[in-house]
Amino acid sequence: MPVSSEREELATLVTSLRRHLQRQDRVGIRFLCQGESPPTDSLRDTDVNLLSGTETDLFSNSSETYKAKTLEELRAAIGDCQRCKLWSGRTHIVFGVGNPKAKLMFIGEGPGRDEDLQGEPFVGRAGQLLTDIITKGMGLRREDVYIANVVKCRPPENRNPEPDEVASCEPFLKKQIDLVRPEIIIALGKFAVQALLQTKAPITKLRGHWHSYHGIKLMPTFHPAYLLRNPGDKKLVWQDIKKVINEMAGSSA
Ligand code: SF4
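Residues numbered from 1 in each chain as written. Predicted model: local features only at pLDDT ≥ 70, side-chain atom pairs only at ≥ 80, totals over all residues. Heavy atoms only, no water.

Some details on the packing of aromatic side chains
This structure, assessed with the given rule, holds 1 aromatic pair. Over the ring of Y66 we find K175; its NZ or CZ atom is 5.5 Å from the centre of that ring. (Phe/Tyr/Trp six-rings, centres within 6.5 Å; stacked < 30°, edge-to-face > 60°. Lys NZ or Arg CZ within 6 Å of the ring centre and 35° of its normal.)

Below you can see the structure in the form of structure tokens.
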């Protein structure tokens, strides 16, 4: 085969593969990167709307949630949400808090009692520990980052959210991530990590390694509430946080 024909064939194959991967990404198929180096592709470099084409999303392209251009519009679109059974036990919807253009986003599991009462994520004892990680550990202010949960209403007795509740609420989180467009996500605890990465792998295997959530670098680590019960593992979280600090320093250099 002439060299020019081989090149054309190769170019066609590469184009087909790229389109195939883009289609998979749009329907929510994610790729895990278990190595130490974070994925190099960034959502900021693309024009991918995390909600577009995802087959499990509950919202049509014409819905107010889908069309929201700001976090305020998204919160307004959520309204007095009753899309899953968690609505009946909540005091407040705990939407999220922080810098709407944050480079760093923390994602936890769901609101606890204090969060439900105050309507803000991570405000109890675990929240204070997270604030210490942000301020004393990372040298940032809480208002520099964005903090949200996988589900926005408190599960009763602080149980794990159930699959139907996650399925109902996850599109809100996807849209939040799409609007904030952070460079790095720190996923806090087994539940948030497994929900975001669509895996059953244990947090002990996932933490400390870079992963990708739709092209956004994602670092899993233990939940602050777990650290309150297991303070000996704080050193492991500090190892994970140092990797994030180094990555942020590298990307801003
Ligand atoms: S958890 Fe999410 S989907 Fe369920 S009622 Fe609350 S806001 Fe709506």
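Structural notes on the confidence of the model for the protein
Per-residue confidence for the protein gives a mean pLDDT of 83; residues scoring 70 or more make up 75%. Confidence over residues 40-49 falls short of pLDDT 50; this stretch has 24 contacts with residues more than four positions distant or in other chains. (pLDDT = per-residue confidence, 0-100. Contact = heavy atoms within 4.5 Å.)

Quick word on the sheet that holds strand β5 (residues 211-213)
In space, the 6 strands of this open sheet follow the order β1-β3-β2-β4-β6-β5, with mixed pairing throughout. At either end of the open sheet lies a strand with only one pairing partner, and these are β1 (97-98) and β5. Examined bridge by bridge, strand β2 (residues 104-108) and strand β3 (residues 146-149) share 4 bridges and lie parallel to one another. What sits directly across from G108, in β3, is N149. Running at roughly 170 degrees to β2, helix α6 (residues 163-180) makes contact with β2, β3, β4 (184-188), β5 and β6 (216-221) of the sheet. (Pairing = 2+ DSSP bridges. Helix = DSSP H or I, 4+ residues; strand = E, 2+ residues; numbered from the N terminus. Axes fitted to C-alpha atoms, helices over the stretch in contact; angles between N-to-C directions.)

Regarding the environment of L227
Counting through the fold element by element, L227 comes out in helix α9 (residues 224-229). The spacing of L227 and V237 is 10 residues in sequence and 8.7 Å in space, taken between C-alpha atoms. In contact with L227, other than residues within four places in its own chain, are L129, F222, D233, K234 and V237.

Regarding helix α5 (residues 125-137)
With 13 residues, α5 extends 17 Å between its outermost C-alpha atoms, agreeing within 8% with the 18 Å of an ideal straight helix rising 1.5 Å per residue. Of the residues one or two after α5, G139 is the one with positive phi, at around 70 degrees. (Expected span 1.5 Å × (residues − 1).)

Section: unusual backbone geometry
Of note in the backbone geometry, F122 takes a positive phi value of approximately 55 degrees without being a glycine. Locating F122 in the fold gives a position in the loop between α4 (113-118) and α5. Phi angles above zero are rare outside glycine, and Q198 is one such case at about 55 degrees. The residue Q198 is located in the loop between α7 (189-197) and α8 (203-206) in this model. According to the relative accessible area criterion, Q198 is exposed, its value standing at 55%. (Buried < 20%, exposed > 50% of the residue type's maximum accessible area, 1.4 Å probe, protein only.)

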